[in-house]
Amino acid sequence: ARVVLLHLWHFYLWIAISITTCYASDRTFPLLVDERSGVRCGVLMGDGGSGYGSSQWVLPHTNFNGLVRSLFVPSLSMADAKPDPAPVLNLLNAFRSSQALFVAVELGIFEILQASNSPISLEELRDRVAHRQRQPISPDGLDRLCRTCVALGLIQSPSPGLFALTPVSESYLVASSPTSLAGYCTHSAQVVWQLFGDLSSAVASGAHVWQQAFGQPGSDVFARIYSTPVAVLRFLRGMHSFAALSAPSVVTAFDLSSATSLVDLGGATGALARAACESYPTLRSAVVVDLPHVVADAREHFAPPPGGPCDGRLSWLAADFFAEPEKLPQQVDVVVLSRILHDWDPPRCRQLLALSYRLLRPGGSLLVAEMLLDADRVGPLPVLLQDLNMLCQTHGRERSAAEYSQLLGDAGFVGCDARKTGSYLDAVIARKPSGPQEAGEKPSDTALNGCV
């Protein structure tokens, strides 16, 4: 009986304290019940703390929890705790990080550090940058930029005032590296940056913004990109790096070992065709088709060294495949469209697919290399950002596996399948029917519902 009375005394004492604190603060408070350790009254204050001041009241475990819940319904009049603002703050600062990268590439900081066999001082780096740029460089401004690049993981500072490359910058930000993205950094700074500055116009109109950004009509979206020999080579270097990083995964996403001939339409530097030659010894011929000035640069700057696995198998053909389809190889085993379809609107895509269909032998395969949206089309983020890039720059868009399946199926292809490769570009494959009996075949469930 004394134990029961003690519990009742605790219970009524708890009620009295709760009512007193509620009246004292002119607020209502939630009742927090811990089933394992008892009943805890956590009075939430405006500063987000728990307890009245710093106090908490805890009852020993009793059977009154259900009764307590029935007597007091939690209610909270104050605003919920605010979410972490970090996602918004990170996005607010993201363009600053990009611009720091672009300027470091423009000033040649990574090239200068790569040429040195050991970390160099800020003073020496300033002198070399000034010589390279043929203009004075502020030591304070350069110091701020370099320290920012250290924080971004682009360079390292083994001791104060000394700077050196990181493995990441040596691989991807030095122009002489076979995997360098420096060319695309320059292209992004000089072209993409300005186009994205008019993103609001692109969203409002649903069309690219070459006219707004550069005062040039955009009927030929590559006119500015290919406007000078320097611009062509810069763009090709950037595209080559992306292609080289993804090509091995793309060409091995599906088994192409039975193919003996391949044509890469708009293949530029030949990175994907080269990866196919290296991956499939049975592939006897890989022809890269592109515009004459692109082919000239590709042969001079990107052709694999003689004596390698591509020797005598990889070649370039200068032709406008839209205007000169008769120049292209016929009855081939594989046609490749790598980052081509995403540049164009549906009518132009249908024209490209009809051309690819004609070039293939019956039963031949079309291999498409693109970034794939998820089935719900709300991810991944890099593909969505690239989709905005297509809106600003081209007549095209990024698509999901189901959208490519529909596009290829409408062009007469069958057996469409799609794979996420884990690299920058994904892979979609479909076949030209080998006979009339295959012409009515429907796309695979994989292509319709997502990627594997």
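Everything below is about the structure shown above.
The sections below set out a description of the structure shown in this document. Worth saying up front: this structure is predicted, and the values here are computed from it rather than measured.

According to the stated counting rule, one finds 7 aromatic pairs in the structure shown. When the ring of Trp210 is compared with that of Phe214, the centres are 5.4 Å apart and the planes differ by 35 degrees; the resulting orientation is tilted. Residue Trp210 and its partner Phe214 are both found in helix 10 (residues 210-214); the two are separated by 4 residues, about one turn of the helix. Here the two residues Trp210 and Phe214 agree in accessibility, since each one is buried.

What follows deals with the sheet that holds strand 10 (residues 332-338). Taken together, 7 strands build an open sheet; the order of strands is 9-8-7-10-11-15-14 and the sheet is mixed. Strand pairing shows two members of the sheet lacking a second neighbour, strand 9 (314-318) and strand 14 (414-419), which therefore form its edges. Across the sheet, the mean angle from the axis of one strand to that of its neighbour is 20 degrees, orientation sign disregarded. Helix 14 (residues 346-359) contacts strand 7 (261-265), strand 10 and strand 11 (360-370) of the sheet and is inclined by roughly 140 degrees relative to strand 11.

Take Gln386: it is sitting in helix 15 (residues 381-393). Given a relative accessible area of 8%, Gln386 falls into the buried group. Sequence spacing of Gln386 and Arg397 is 11 residues, and the spatial spacing of their C-alpha atoms is 8.3 Å. Leaving out residues up to four positions away in the same chain, Gln386 has contacts with Arg339, His342, Met371, Glu398 and Tyr424.

Time to look at the sheet that holds strand 5 (residues 155-156). The strand order across the open sheet formed by 3 strands is 4-6-5, and the pairing between neighbours is antiparallel. Since the sheet does not close on itself, it has two edges, and those belong to strand 4 (120-121) and strand 5, each with one partner. Two strands pair when backbone bridges link them, and strand 4 and strand 6 (residues 162-165) are joined in this way by 2 bridges, in the antiparallel orientation. Its bridge partner lying in strand 6, Ile120 is registered against Phe163.

Our focus in this paragraph is the packing of helix 8 (residues 182-196) against helix 11 (residues 229-251). The contact between helix 8 and helix 11 brings their axes to 7 Å, and the two run at 125 degrees. With respect to helix 11, the axis of helix 8 lies oblique. The interaxial crossing formed by helix 8 with helix 11 has left-handed handedness. Facing Gly183, Tyr184, Thr186, His187, Gln190 and Val191 of helix 8, the residues of helix 11 in contact are Arg234, Phe235, Arg237, Gly238, Met239 and Phe242. Looking at the contact of helix 8 with helix 11, its residues break down into 5 nonpolar, 5 polar and 2 charged.

As a further point, take the pairing of strand 15 (residues 426-431). Judged by how many residues are buried, strand 15 sits mostly within the fold: 5 of 6 residues are covered. As paired strands, strand 11 and strand 15 are joined by 6 bridges and run antiparallel to one another. Bridge pairing in strand 15 places Leu367 opposite Ile429. One ladder, built from 4 bridges, connects strand 14 with strand 15; its direction is antiparallel. Residue pairing for strand 15: Val414 is matched across the bridge by Arg431.

Leu262, Leu283, Leu314 and Leu367 are the most contacted members of the largest nonpolar core, which has 32 residues in total. Of all the elements in the fold, those that place two or more residues in this core are helix 11, helix 12 (271-279), strand 8 (285-290), helix 13 (292-301), strand 9, strand 10, strand 11 and strand 15. Every residue in contact with Leu314, bar those within four places of it in the chain, is listed here: Gly270, Ala273, Arg274, Cys277, Ala286, Val288 and Pro304. Among the nonpolar cores identified, the runner-up in size contains 31 residues, and Val287, Leu328, Leu407 and Ala430 belong to it.

Parameters and conventions
- Sequence order sets the numbering: in each chain, residues are counted from 1 along the sequence as written.
- Given that the model is predicted, a residue must reach a pLDDT of at least 70 before its local features are reported, and side-chain atom pairs must reach 80 or more before they are shown or counted; all residues, however, enter totals for whole chains, interfaces and linings.
- Excluding hydrogens and water, the side-chain values take into account all heavy atoms of the structure.
- Two aromatic rings from Phe, Tyr or Trp, using only the six-membered ring of Trp, form a pair when their centres are within 6.5 Å; if the ring planes differ by under 30 degrees the pair is stacked, by over 60 it is edge-to-face, and anything between is tilted.
- We count a stretch as a helix when DSSP gives it H or I for four or more residues in a row; a strand needs E for two or more, and each element gets its number in order from the N terminus.
- Relative accessible area decides the class of each residue, using a 1.4 Å probe on protein chains only: under 20% of the type maximum gives buried, over 50% gives exposed, and in between gives partly exposed.
- The pairing criterion for strands is at least two bridges between them, as found by DSSP.
- Axis lines are fitted through C-alpha atoms, for helices just across the contact stretch, and the angle between N-to-C directions can take any value from 0 to 180 degrees.
- Here, residues are in contact when the closest pair of their heavy atoms is within 4.5 Å.
- Every angle not falling under 35 degrees, over 145, or within 65 to 115 is termed oblique; those three ranges are roughly parallel, roughly antiparallel and roughly perpendicular.
- Here is the rule for handedness: rotate from the far helix to the near one, and if that takes an anticlockwise turn smaller than a right angle the crossing is left-handed, while a clockwise turn gives right-handed.
- Polar here means any residue other than Ala, Val, Leu, Ile, Met, Phe, Trp, Tyr, Cys and Pro, which are nonpolar, and Asp, Glu, Lys and Arg, which are charged; Gly is therefore polar.
- By nonpolar core we mean a set of buried residues, namely Ala, Val, Leu, Ile, Met, Phe, Trp, Tyr and Cys, connected to one another through side-chain atoms within 4.5 Å.

Function-wise, these values are silent; they only describe arrangement.
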